[in-house]
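Take a look at the letters that make up each chain.
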Amino acid sequence: MGSPAPPSVTSQPKAIVILMDGIPADVLESVDTPTIDAISAEGGYRRGYVGGTIGAPSESPTISAVGYQTMLTGTWANKHNVYNNDIEAPNYAYWDFFRIAKTANPQLKTALFSTWEDNRTKLLGDGLAEAGGHKLDYFYDGLEHQTAAYPHDAEANYIKAIDQAVAEDAVRHIKNEAPDLSWLYLQYTDDVGHALGDSEPLRQAVADMDNLLSELWQTIISRADAHNEDWLVLVTTDHGRDAKTGKHHGAQSARERTIWIAANHPQLDTSKVRDAAMVDILPTLLEHLQIKAPTKVAEQLDGRSLLIAP
Ligand SMILES: [Zn+2]
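As a convention, each chain's residues are numbered from 1 in the sequence order in which they are written. The model is predicted, so local features are restricted to residues of pLDDT at least 70 and side-chain atom pairs to those at 80 or more, both for listing and for counting; the totals for chains, interfaces and linings are taken over all residues.

### A closer look at the overall build of the protein chain
1) Next: Within the protein chain, the secondary structure is distributed over 13 helices and seven strands.
2) Next: Across its three principal directions, the C-alpha atoms of the protein chain cover 70 × 45 × 40 Å.
3) Next: Contact definition: two residues whose C-beta atoms, as placed from backbone geometry, lie within 7 Å. Here the contacts in the protein chain between residues at least 6 apart in sequence split such that 70% fall between residues at least 24 apart. The helix count covers DSSP runs of H or I at least four residues long, the strand count covers runs of E at least two residues long, and both are numbered beginning at the N terminus.

And the structure:
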C-alpha cells in the first residue's frame, strides 16, 4: 500500500510582457536570439498582426504608441483612441491590464520598467482618476529626461544605455519582489531602424536586446523553482517596418502589420488555424493570471486568449 498522494500545491501565477520596439518578424527570425529561443522552447513562437482590419473601423496605424495601447487595452484604436505618438486623448473607458488586475484583486503587485515615460503618464494614465487611479506598485522610467546622466546623441546611444538600465532594474525588482503582472518596454531597436533601416546594425541591435533579456530570463527561472511560481513570459513587438527600406512604419503593408509573439507557456496556440493579433495579448495574460475583467470591460475586448486547452 502506497502513501497517500501529497495535497496538490498550486503555484502562484505571474506574468511579464516584454515589448521590443519595431522589430520585423523576418529580422527577428534571421538573427541569432538565444534568449527568445529559450523562452519559445518552453512554449512557442508565432507571427501575428497589428493594425486592426484594413478598411474597417478598427484599422489602426502601425505606429508605436498605437500598438502599445492596443496591447495594454486589448482593443483597437477606434476604441482606445490613440492614433499617434502624441497621445492627446486616450479613451480610458477601455481599461488597461493593470487596471483590470488591480480591480480584480487589489493585493496583486504590478510593475512597469520602461525607456519611455509616456507609457506610464499618458497611455496608462497612472494616477489619473479617470484611468482608475494608481495602478502601478512600482515603476522605473523617465531616464530619457536625465540628460546629464544620459546625454542625448543623434545615434541614440543614450537610448541603448537607458534600455540597459531599465532591463537591469527589471532583474533587480523581479528578483526581490516578483510582481504579479509587469511590463518591460525596450526602445533602441526602433531608433536603429529609423536611422539605418534594414542593415547589419539593426540586426546587431536585435541580438544585443535579446542578450539584455538573458539575465531576466534566468532570474525568472530561478524564482519559479525557488518560490513555486508559474511565470508567463511573453515577448513581442509593436509593428514591423516598410519592405523597401526598413526605415519607416505606420502604414498597412504586410511587413508593417506583421508582429511576432514568443512565450514560454506550453499552451500557446502556434497553429495556423487562427490568426494572432496584438489584441489577444491582454486576454492571454488574464487567463494565465486567472483574472476576470468586469463584464462591461470584457464585452469590449477585441481579442481572445492565445492559450489552448492542454
Ligand atoms: Zn514602435
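Anyway, onward from the coordinates.
### Here's the deal with the pairing of strand S3 (residues 110-114)
1) Next: The burial label depends on the number of other C-beta atoms within 10 Å of a residue's C-beta. Counts of 20 or more mean buried, 12 or fewer mean exposed, and intermediate counts mean partly exposed, with C-beta atoms placed from the backbone. With five of five residues buried, S3 is to be regarded as a mostly interior element.
2) Next: Burial of S3 is two-sided: the residues Thr 110, Leu 112 and Ser 114 facing one way and the residues Ala 111 and Phe 113 facing the other way are all buried.
3) Next: Sheet analysis places S3 next to strand S5 (residues 181-186), joined by five bridges and oriented parallel. The residue of S5 that forms the bridge with Leu 112 is Trp 183.
4) Next: Where S3 and strand S4 (residues 138-140) come together, three bridges link them in parallel fashion. In the strand pairing of S4, Ala 111 is matched with Tyr 138.
5) Next: For the handedness criterion, the strands are oriented away from the viewer, and a crossover whose path from the first strand over the helix to the second runs clockwise is classed as right-handed. A crossover connection joins S3 to the parallel S4 through helix H6 (residues 118-123); in handedness this β-α-β unit is right-handed. At least two bridges found by DSSP between two strands is the condition for calling them paired.

### Quick word on the sheet that holds S5
1) Next: If you walk across this open sheet you meet the seven strands as S2-S7-S6-S1-S5-S3-S4, and the pairing is mixed. Edge positions in the sheet fall to strand S2 (44-49) and S4, since each has one partner strand and no second. Averaged over all pairs of adjacent strands, the angle between their axes in this sheet comes to 15°, without regard to strand direction. Here, axes are lines fitted to C-alpha atoms. For helices the fit covers the stretch in contact, and angles between N-to-C directions go from 0 to 180 degrees.

### A few points about the packing of helix H8 (residues 188-196) against helix H9 (residues 200-212)
1) Next: Interhelical geometry of H8 versus H9 gives an angle of 180° and a closest axis separation of 9 Å. In terms of their interaxial angle, H8 and H9 are classed as roughly antiparallel. Of the residues in H9, those touching H8 at Tyr 188, Thr 189, Val 192, Gly 193 and Leu 196 are Pro 201, Leu 202, Ala 205, Val 206 and Met 209.
2) Next: Three classes are used: nonpolar for Ala, Val, Leu, Ile, Met, Phe, Trp, Tyr, Cys and Pro, charged for Asp, Glu, Lys and Arg, and polar for all others, with Gly counted as polar. In the contact of H8 with H9, the residues fall into eight nonpolar, two polar and no charged. Roughly parallel means an angle under 35 degrees; roughly antiparallel, over 145; roughly perpendicular, 65 to 115; everything else is oblique.

### Considering the environment of Ala 104
1) Next: Along the chain, Ala 104 falls in helix H5 (residues 97-104).
2) Next: For Ala 104, a count of 16 C-beta atoms within 10 Å puts it in the partly exposed group.
3) Next: Considering only alpha carbons, one finds Ala 104 and Gly 67, 37 residues apart in sequence, at a separation of 25 Å.

### Brief notes about the nonpolar core
1) Next: Among the nonpolar cores identified, the biggest contains 89 residues, and Val 17, Leu 184, Leu 186, Val 233 and Leu 285 are the most heavily contacted of them.
2) Next: The contacts of Val 17, once residues within four sequence positions are left out, are Trp 183, Leu 234, Thr 236, Ile 281 and Leu 285. One nonpolar core equals one set of buried Ala, Val, Leu, Ile, Met, Phe, Trp, Tyr and Cys residues connected by C-beta atoms within 7 Å.

### Some words on the packing of helix H7 (residues 157-177) against helix H10 (residues 214-227)
1) Next: Closest axis-to-axis distance for the H7/H10 pair is 9 Å, and the angle between their directions is 5°. Taken together, H7 and H10 sit at an angle that is classed as roughly parallel. Here H7 contributes Ala 167, Ala 170, Val 171, Ile 174 and Lys 175 to the contact with H10, which in turn contributes Glu 215, Leu 216, Thr 219, Ile 220 and Arg 223.

### Considering the pairing of strand S1 (residues 12-20)
1) Next: Within S1, seven of the nine residues are buried, which leaves the element mostly enclosed by the surrounding structure.
2) Next: Pairing geometry for S1 and strand S6 (residues 229-236), over eight bridges, is parallel. Among the inter-strand pairings, Gln 12 is bridged to a residue of S6, identified as Glu 229.
3) Next: Where S1 meets S5, six bridges bridge the pair, whose relative direction is parallel. Paired with Ile 16 across the bridge in S5 is Ser 182.

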